[in-house]
Each structure stands twice: as structure tokens, then as C-alpha cells.
Amino acid sequence: PSLQFPFPYDHHIEFQNTEDSNEPILVYGGDVWDQGGSDLYVIRQLLSLKARYPNQVYFIFGNRDINKIRISQELGLTEDKENGSPPHGGVYWLRGTGRVGDPLLLKDELNDATTSSLTRDPVDRLKWMLKKTMGSPRAFQYRKEELQRERDASKGT
């Protein structure tokens, strides 16, 4: 089957041929994102395997996979992009700490974008979210480096 996502690699992973009459099955337990420098490679390989063997590959999404669903809304990717990311209400685990993201500090700032301690720039907001609310302090840099490796490989450098 044709893949509906970019696949910039020279090979696909395959199931190993066995003499066993049972078809091999892969159940992937999730948590693939943001913990290393080859996330895109791994997820594309898994999606490729699933596309080619739909009845043999199963995904169980972990918390690190599921928590990424909120990114587009918190960055305002579904809203008016001219005004930057929407105001952020902070995160409960920073409540009362006085640190950036403390909901008590942000309570009065939510309607005043000029005084908010949380930036409305989508790139800076994403870096903050990954580091402070998703436990992925190096994820942005990992992804940037992996995308650069892909660009370099596509140019033959």
C-alpha cells in the first residue's frame, strides 16, 4: 500500500520470515515521542509496518503519545494566528511556586497579553510546554536535529 506520510529512509523494517505457521504480531506499547533523537524515524517505521501489515501491528498509546494531542490547541494552531498563541492558564503542579506557569500568577494576566509571563510566541510556548508540562526538556532540540539530518540526507550531504 501507498504510505500517506513522508518516508525519507532507504529501507522499511520487516517481519522476519519464520517456518512457524503463525503470523508474527507486533504490539507497540507507546511512549515513542520526545525521549531520543530518532523519534520520527521510529514512528515512521512503525506506521510503515502498520500500513503494510494492518492485521499484525497494533499500537497501545502511552501517556507521552496522548499528551501531544493538546499541543495544537495550546499553541493556537486552530485559532487566529495573527495574535500568537492563546493565553495559557498555567499548570496545576506549579500552583503556588511563583514560577513561570504558576496558575496563581497567571490568573490576572489571562486577559492581558502584554503582561503575561508566558510568551505567546508559538515556538517559545512549545519549548516551555515540552520542558515544563510534558517532561521533555530536550525534545525540541532532538526534533530540530533529526529534521536537519533528514534535510542533509535528502541533499546528499
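For the structure itself, consult the block above.
Here's what I pulled together on the structure shown here. (Residues numbered from 1 in each chain as written. Predicted model: local features only at pLDDT ≥ 70, side-chain atom pairs only at ≥ 80, totals over all residues. Heavy atoms only, no water.)

1. Re the environment of Arg64
- You can see Arg64 is positioned in helix H2 (residues 63–66).
- Separated by 29 residues in sequence, Arg64 and Gln35 place their C-alpha atoms 9.3 Å apart.
- Residue contacts for Arg64: discarding those within four places in its chain leaves Asp31, Trp33, Asp34, Gln35, Met134, Gly135 and Ser136. (Helix = DSSP H or I, 4+ residues; strand = E, 2+ residues; numbered from the N terminus. Contact = heavy atoms within 4.5 Å.)

2. Quick word on the packing of aromatic side chains
- Summed over the entire model, instances satisfying the criterion amount to 1 aromatic pair.
- Each ring, one from Phe59 and one from Phe61, has its centre 6.4 Å from the other, and the planes form 45°; the classification is tilted.
- In this structure, Lys50 is placed above the aromatic ring of Tyr58, and the distance from its NZ or CZ to the ring centre is 5.1 Å. (Phe/Tyr/Trp six-rings, centres within 6.5 Å; stacked < 30°, edge-to-face > 60°. Lys NZ or Arg CZ within 6 Å of the ring centre and 35° of its normal.)

3. With respect to the layout of surface pockets
- Estimated volume of the largest pocket: approximately 210 Å³.
- Lining the largest pocket, in full, are Trp33, Asp34, Lys68, Ile71, Leu126, Leu130, Ala139, Phe140, Arg143, Lys144 and Leu147.
- If you list the elements that add at least two residues to the lining of the largest pocket, you get helix H5 (122–133) and helix H6 (139–155).
- Tallied by class, the residues present in the lining of the largest pocket amount to 7 nonpolar, no polar and 4 charged. (1 Å grid on protein atoms, 1.4 Å probe; cavity = no way out; pocket = protein on both sides within 12 Å on 5 of 7 lines; lining within 4 Å. Points joined across faces, edges and corners; volume = space filled by probe spheres on them. Nonpolar A, V, L, I, M, F, W, Y, C, P; charged D, E, K, R; others polar.)

4. Some remarks on the pattern of salt bridges
- With the rule as written, the count across this model stands at 3 salt bridges.
- Across the pair Glu14 and Arg52 runs a salt bridge, and its minimum N-O distance is 2.6 Å. Of this pair, Glu14 sits in the segment before strand E1 (26–28) while Arg52 sits in helix H1 (residues 39–52), and the two are 38 residues apart along the sequence.
- A relative accessible area of 48% places Glu14 in the partly exposed class.
- Here Arg52 falls in the partly exposed class, since its relative accessible area comes to 22%.
- Its salt-bridge partner being Asp39, residue Arg143 comes within 3.1 Å of it at the nearest N-O pair. Separated by 104 residues along the polypeptide, Arg143 in helix H6 and Asp39 in helix H1 bring together distant segments of the chain. (Salt bridge = Lys/Arg side-chain N within 4 Å of Asp/Glu carboxyl O. Buried < 20%, exposed > 50% of the residue type's maximum accessible area, 1.4 Å probe, protein only.)

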